Each structure stands twice: as C-alpha cells, then as structure tokens.
Amino acid sequence: MAIDPHFEANRDVAEKHEGHRVWGPVDEPEQQGIHGTHVAVDFDICMADGACLEDCPVDVFEWTDTPGHPESDIKADPINETQCIDCMLCVDVCPVDAIDVDPGRAGRL
Ligand code: SF4
C-alpha cells in the first residue's frame, strides 16, 4: 500500500512534530500517521530503508525514533521540508512508496 496522495482531504491534523504537521489517525506506538505536508512520509508504511536520507540533495530528512512500530523502530522524518526543491528523488527511490511530494500543498506551520 502506498501513501495516499490525497491525505490532506482524507485525514485531519492530529498533532505537530518538529515543526511539521502529523496527519492522523495516530495511536502510538502502532499507528504513527503521515508526517509533513509539502514532503509527506507515511510513517505507517516507512520501513527505514534510508534511501531518501542518502539521496535528498538538501537534507530534508532525519531519522526519528518510533520504538514499537510494527514496520520499523526509526522513520525518515521530513523535518526540513521547507528546503525541498521538488526533485522527486525520494519519491522515486522509496521501495515502499511511503513518500509523496507536492509543492502545491501548504508547508510548515
Ligand atoms: S523531492 Fe528531492 S529535495 Fe524534496 S525531499 Fe525529496 S529528495 Fe529532498
């Protein structure tokens, strides 16, 4: 299952994390929601492959701990989503289609 590109319409903002929105539902540790808006990572799909951290030319992502999540204990968090230059490398390299990038969506809070 890939990230829902229409999450803004289909989900509500549950909380804030590191200056970005988290789109619910969130029920930690098993359910983490989607982090970010311009650069959105579905934490419930992310399995911590790390290709996005390696390939992003402007270091949008950092690891964050999610102990107890069934897919992985760390996630690629888009903490610098305002730096994104929309190259789409992260979208292309993610092996589980956990990332969606859309400059038309609102960015940080
Ligand atoms: S689209 Fe490019 S610049 Fe933006 S987060 Fe992904 S890899 Fe980084």
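Residues numbered from 1 in each chain as written. Predicted model: local features only at pLDDT ≥ 70, side-chain atom pairs only at ≥ 80, totals over all residues.

Let's shift gears to the UniProt feature "binding site: [4Fe-4S] cluster" (unreviewed entry) in the protein. When the UniProt feature table is mapped to this numbering, "binding site: [4Fe-4S] cluster" (unreviewed entry) covers Cys56, Cys84, Cys87 and Cys90. A maximum C-alpha distance of 10.5 Å places the annotated residues, which cover 35 residues in sequence, within one compact spot. As for its position among the elements, cysteine 84 is in the loop between strand 6 (74-77) and helix 3 (89-93). Look at cysteine 84 and you get buried, because 20 C-beta atoms sit within 10 Å. Setting aside anything within four residues of it in sequence, one finds cysteine 84 in contact with His38, Val39, Val58, Val60 and Val101. (UniProt positions renumbered as here; feature names shortened; annotations may be inferred. Helix = DSSP H or I, 4+ residues; strand = E, 2+ residues; numbered from the N terminus. Buried ≥ 20, exposed ≤ 12 C-beta atoms within 10 Å, placed from the backbone. Contact = placed C-beta atoms within 7 Å.)

Next up on the list: the site of the ligand. Close to the ligand lie 14 residues, the nearest being Cys56, Val60, Cys84, Cys87 and Cys90. For the shell around the ligand, the per-class residue count stands at 12 nonpolar, no polar and 2 charged. (Near = placed C-beta within 6 Å. Nonpolar A, V, L, I, M, F, W, Y, C, P; charged D, E, K, R; others polar.)

What follows is about the environment of isoleucine 74. Examined against the element boundaries, isoleucine 74 turns out to sit in strand 6. Note on isoleucine 74: 16 C-beta atoms within 10 Å, which makes it partly exposed. Isoleucine 74 sits 25 residues away from aspartate 49 along the chain, and the two C-alpha atoms are 9.7 Å apart. Residues within four places of isoleucine 74 in sequence aside, it is in contact with Ala48, Trp63, Thr64, Asp65 and Thr66.

A few words on the nonpolar core. The nonpolar side chains of soluble globular proteins are, as a tendency, buried together. Counting 20 residues, the largest nonpolar core has Val41, Cys52, Ala98 and Ile99 as the members making the most contacts within it. Breaking this core down by element, the ones donating at least two residues are strand 4 (39-42) and strand 7 (99-101). If you tally residues by element for this core, the top one is strand 4, at 3 residues. When near neighbours in sequence (up to four residues on either side) are disregarded, alanine 98 contacts Ile3, Val41, Asp42, Ile45 and Cys46. (Core = buried A, V, L, I, M, F, W, Y, C linked by C-beta atoms within 7 Å.)

As a further point, take the sheet that holds strand 7. Ordered by their spatial adjacency, 5 strands build an open sheet running 1-2-3-4-7, and the pairing between neighbours is antiparallel. Across the chains shown, the open sheet's two edge strands, defined by having one partner strand only, are strand 1 (13-17) and strand 7. Bridge count for strand 1 against strand 2 (residues 20-23) is 4 bridges, and the pairing is antiparallel. The residue bridging lysine 16 from the neighbouring strand is arginine 21, located in strand 2. (Pairing = 2+ DSSP bridges.)

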